[in-house]
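# Observations on the model geometry
Chain residues, written in single-letter form:
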There are 2 protein chains.
Amino acid sequence: MTDRIIIKDPFDMHIHFREGEMLDLVAPLSAETFSGGIIMPNLVPPVDNIERLDNYISEIDNAVKGYNFTPFMTIFFKKYSREFLELVKGKIRAIKLYPAGATTNSDEGIKEIEDAFDTLRIMEELGIPLLVHGETHGFVMDREQEFLGIYDHLATEFPKLMIVMEHITTAAAVELLDKNDNLFATVTLQHLCITLDDVIGGLMQPHNFCKPIAKRPEDKSALLNAALSAHPKLSFGSDSAPHPIDKKESAYCSAGCFTSPFALQYLADIFESNGKLDNLQRFVSDNAMINYNLSSNNKTVTLVRGEYTIPEKYGNVVPFNSGKKLNWKIEEVS
Amino acid sequence: MTDRIIIKDPFDMHIHFREGEMLDLVAPLSAETFSGGIIMPNLVPPVDNIERLDNYISEIDNAVKGYNFTPFMTIFFKKYSREFLELVKGKIRAIKLYPAGATTNSDEGIKEIEDAFDTLRIMEELGIPLLVHGETHGFVMDREQEFLGIYDHLATEFPKLMIVMEHITTAAAVELLDKNDNLFATVTLQHLCITLDDVIGGLMQPHNFCKPIAKRPEDKSALLNAALSAHPKLSFGSDSAPHPIDKKESAYCSAGCFTSPFALQYLADIFESNGKLDNLQRFVSDNAMINYNLSSNNKTVTLVRGEYTIPEKYGNVVPFNSGKKLNWKIEEVS
């Protein structure tokens, strides 16, 4: 039995760092254990111009100062000119598309997506990946599956554009991964652990509430199998999304699970209990390095067997599965 | 356009009155506008013996003193002797079965249901209706549908036993109503109003969280159509289930929507906006009187057109859709 795991350059390919005090709280918690990660641009207002991007980069650099961590920046998808994209290309790793402009499979939805084609064509030419929150505005359990046709359409229309289906939650999305060479995906920790039953099947649990919502048992199985087998087109993306407790335990609860500080330890538990510890390195690092063409930071994280309890809180943020005991803890980061 | 509706003897065929302070808070709110209602026995410990029943009857009588309201008592289903059932028959209107003992379609589930057959046979002979919380322990969105086979089995096995499918939430349950003469159903206010989208489709809303969980849009449509057409085997049962606010806006939120104080006004809105105001009397009274063989209390509730806002709170209970404006208000109860 292995008692020590060394992970080289773990990457978190989907993180919400927020701004201000929350950024200062959570960014170091990712920067401590991860070698880098993709920082999402959905702030208010969104990161969609050079000045906002430069300021956000400065704020993040300041928050992760002293850590061996590379923030991979993104901007919020809208129609951009070739001049702008050429200018910004060196500062970002990808552009993130949210479904406001690409909502359904209906004629209107397709038309909107086609309005984005000029920008997507330039991104394809410049080699800028497209990250997508792929949900329609349909019934909550159907939203991801309804969007898969749009992924398929985009992947066919732009065969050289790298398209990442972010935080996939369904068996159908896993299947689609193998249909188009240029379709990739991230999956979160929570979607490997929970189904809708853990959100509303017993008592309702706001700290298990995220978007896309956790789906059916067979969906969780498909995601878990893809992660455990280190599917080469799938990377870990925590979608770690902190909210203050008063926005969660509330009459109107915000969507998001906070997982980044203990994601590696938790994943080690999951991979070990399924006999797939050997695939963890590929799932949390190698796949991302290859697919996103990342450079090593020569960072290593050493996990050792030993009880680690997920804290009740980080500041004013209650994490996913607070109080749960894990079987792996971090011994050293170097 | 009608500006006044007179409802004669409105009945709420599924209520949770609780005990102690909560009973004192909520029982008068039902007793004010309803002529009577079925009081559920799922207290801790459950109402399953004469002493507990007698005490609960006294407590309720005390809480609704001065109101023209008949509480129809129930006991918690377990194996009961003929002697006990003959003794208790005059004090109760029905027996309520919860799925702990009848959980799945699996062999074990069926075996457990068959363990209940002796008691059900006596109930059939004595004319005591069986009320059922019909959910398996399966995936949350499938639980009711998975239970329908058990309803079908019971209805066939005990053709003279009145069986009520409580708080139905699916189109499939509505369909089953027409298959067996001795199957009846109740439906809540909230299941005529919301789908799962209103629970977790936007921000998560604990005050819309109940069991069985609200289902798909097509399920809501089927329930609404059955209610609006005053399906003769369907009665209104609010399942009004108060919880203190700290049990709702919480890391572990209790299931239940509190609706009884404004259910009639809200139903008037729904029936009017769908052009079916003429069917409201049957849905909230006549069907129940016929199917459960109830006597009139000669109570009338007069609703008049006029803005009524659902209160933010009743004591420490936040009601369903607090703050919503309704178009009907109660003018007089006599």
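### Observations concerning the overall build of chain A
Counting its regular elements, chain A contains 13 helices and 11 strands. A compact globule built from 334 residues would reach a C-alpha radius of gyration of about 20 Å, and chain A, at 19 Å, matches this within 12%. Expressed along its principal axes, the backbone C-alpha trace of chain A runs to roughly 55 × 45 × 40 Å. For chain A, the residues scored as buried account for 51% of the 334 residues in total. Within chain A, contacts between residues separated by at least 24 positions form 70% of all contacts whose residues are at least 6 apart in sequence.

### What to know about the sheet that holds strand 10 (residues 300-309) of chain A
All names here are of chain A. Strand order in the open sheet formed by three strands is 1-10-11, with antiparallel pairing between adjacent strands. One side of each edge strand has no neighbouring strand; the edge strands of this open sheet are strand 1 (4-8) and strand 11 (325-333). Here the strands of the sheet are splayed against their neighbours by 40 degrees on average, with no regard to which way each runs. Where strand 1 and strand 10 come together, five bridges link them in antiparallel fashion. By the bridge assignment for strand 10, isoleucine 6 is matched with threonine 302. On top of the sheet, helix 12 (residues 263-273) reaches strand 1, strand 10 and strand 11; it is set at about 125 degrees to strand 11, its chief contact.

### Here's the deal with the relation of the copies chain A and chain B
For these two chains of identical sequence, chain A goes onto chain B by a turn of 180 degrees and a shift of 0.0 Å along the axis, with RMSD 0.0 Å. With respect to symmetry, the two chain copies, as superposed, fit the operation of a two-fold axis. Closest approach to the rotation axis among the C-alpha atoms of chain A is made by Glu249(A), whose C-alpha sits 2.5 Å away.

### Remarks on the pairing of strand 5 (residues 94-97) of chain B
All names here are of chain B. Residues of strand 5 alternate between two faces, with Ala94 and Lys96 on one and Ile95 and Leu97 on the opposite face, all of them buried. Where strand 4 (residues 70-76) meets strand 5, three bridges bridge the pair, whose relative direction is parallel. In the strand pairing of strand 5, isoleucine 75 is matched with isoleucine 95.

### Details of helix 6 (residues 143-157) of chain B
Relative to the 21 Å expected for 15 residues at 1.5 Å per residue, helix 6 of chain B spans 22 Å between its end C-alpha atoms, a close match to the ideal helical length. Those residues of helix 6 of chain B lying buried are Arg143(B), Glu144(B), Gln145(B), Phe147(B), Leu148(B), Ile150(B), Tyr151(B), Leu154(B) and Ala155(B).

### A closer look at the environment of Leu87(A)
With respect to the helices, strands and loops of the structure, Leu87(A) is situated in helix 3 (residues 82-88). Between the C-alpha atom of Leu87(A) and that of Tyr314(A), which follows or precedes it by 227 residues, the distance is 38 Å.

### Some remarks on the interface of chain A and chain B
Between chain A and chain B, the contact holds 24 residues from the first and 24 residues from the second. In terms of residue count, the dominant contributor to the side of chain A that touches chain B is helix 9 (residues 197-201) of chain A (four residues). Taken together, the residues that form the side of chain A that touches chain B break down as 16 nonpolar, five polar and three charged.

### Side note on the sheet that holds strand 11 (residues 325-333) of chain B
Residues and elements named next belong to chain B. The strand order across the open sheet built from three strands is 1-10-11, with neighbouring strands paired in antiparallel fashion. Either end of the sheet is taken by a strand with one partner, and the two such strands are strand 1 (4-8) and strand 11. Taken over all neighbouring pairs, the strand axes of this sheet differ in orientation by 40 degrees on average, direction set aside. In this structure, strand 10 (residues 300-309) lies alongside strand 11, joined through seven bridges in antiparallel fashion. The residue bridging threonine 309 from the neighbouring strand is lysine 325, located in strand 11. Against the sheet, helix 12 (residues 263-273) engages strand 1, strand 10 and strand 11, with an angle of about 125 degrees to strand 11.

### Here we look at helix 12 of chain B
Residue and element names in this part refer to chain B. In terms of residue burial, helix 12 counts as a mostly covered element, since eight of its 11 residues are buried. Every buried residue belonging to helix 12 is among Ala263, Leu264, Gln265, Tyr266, Leu267, Ala268, Asp269 and Phe271, and all of these are buried. Immediately downstream of helix 12, the backbone of glycine 275 shows phi near 70 degrees, a positive value.

### Overview of the packing of helix 1 (residues 20-33) of chain A against helix 2 (residues 50-63) of chain A
Residues and elements named next belong to chain A. Relative to each other, helix 1 and helix 2 sit at 60 degrees, their axes nearing to 9 Å. Between helix 1 and helix 2, the angle falls in the class oblique. As for the relative orientation of helix 1 and helix 2, their crossing is right-handed in sense. Between helix 1, through Leu23, Asp24, Ala27 and Pro28, and helix 2, the contact on the second element is made entirely by Glu59, Ile60 and Ala63. Across the contact of helix 1 with helix 2, the residue classes tally to five nonpolar, no polar and two charged.

### Focus: the pairing of strand 4 of chain B
Where a strand is regular, its side chains alternate between the two sheet faces. All names here are of chain B. Across the seven residues that make up strand 4, a large majority, five, are buried. Crossover handedness for the path strand 3 (residues 36-39) to helix 2 (residues 50-63) to strand 4: right-handed. In the classification by handedness, the crossover that spans strand 4, the intervening helix 3 (residues 82-88) and the parallel strand 5 is right-handed.

### Concerning the environment of Ser229(A)
Structurally, Ser229(A) is set in the loop between helix 10 (217-228) and strand 9 (234-236). Along the backbone, Ser229(A) and Asn297(A) are 68 residues apart, and their C-alpha atoms lie at a distance of 25 Å.

### Observations concerning unusual backbone geometry
In this chain, Val44(A) is followed by Pro45(A) through a cis amide linkage whose omega measures -5 degrees. Within the secondary structure, Pro45(A) sits in the loop between strand 3 (36-39) and helix 2. Following Lys211(B), the chain continues into Pro212(B) via a peptide bond in cis, with omega recorded as -5 degrees. Among the secondary structure elements, Pro212(B) is positioned in the loop between helix 9 (197-201) and helix 10 (217-228). Backbone geometry at Asp239(A) places phi at a positive 50 degrees, although glycine is not the residue there. Counting through the fold element by element, Asp239(A) comes out in the loop between strand 9 and helix 11 (245-248).

### Description of the environment of Thr259(B)
On the secondary structure map, Thr259(B) appears in the loop between helix 11 (245-248) and helix 12. Once the C-alpha coordinates of Thr259(B) and Val64(B) are considered, the two residues, 195 residues apart in sequence, prove to be 18 Å apart.

### Describing the confidence of the model for chain A
All names here are of chain A. For chain A, mean pLDDT is 95; residues scoring 70 or higher make up 96% of the total. In this model, residues 101-110 is a region of pLDDT below 50 whose contacts with residues beyond four sequence positions or in other chains number 19 contacts. For this predicted complex, the interface confidence comes out at an ipTM of 0.94, alongside a pTM of 0.95.

Calculation notes
Residues numbered from 1 in each chain as written. Chains lettered and ligands numbered in written order. Predicted model: local features only at pLDDT ≥ 70, side-chain atom pairs only at ≥ 80, totals over all residues. Helix = DSSP H or I, 4+ residues; strand = E, 2+ residues; numbered from the N terminus. Rg over C-alpha atoms; globule rule 2.2 N^0.38 Å. Buried ≥ 20, exposed ≤ 12 C-beta atoms within 10 Å, placed from the backbone. Contact = placed C-beta atoms within 7 Å. Pairing = 2+ DSSP bridges. Axes fitted to C-alpha atoms, helices over the stretch in contact; angles between N-to-C directions. Least-squares fit on C-alpha atoms with pLDDT ≥ 70 in both. Expected span 1.5 Å × (residues − 1). Nonpolar A, V, L, I, M, F, W, Y, C, P; charged D, E, K, R; others polar. Parallel < 35°, antiparallel > 145°, perpendicular 65-115°, else oblique. Left-handed = near helix turned anticlockwise from the far one by under 90°. Right-handed = clockwise from strand over helix to strand, strands pointing away. pLDDT = per-residue confidence, 0-100.

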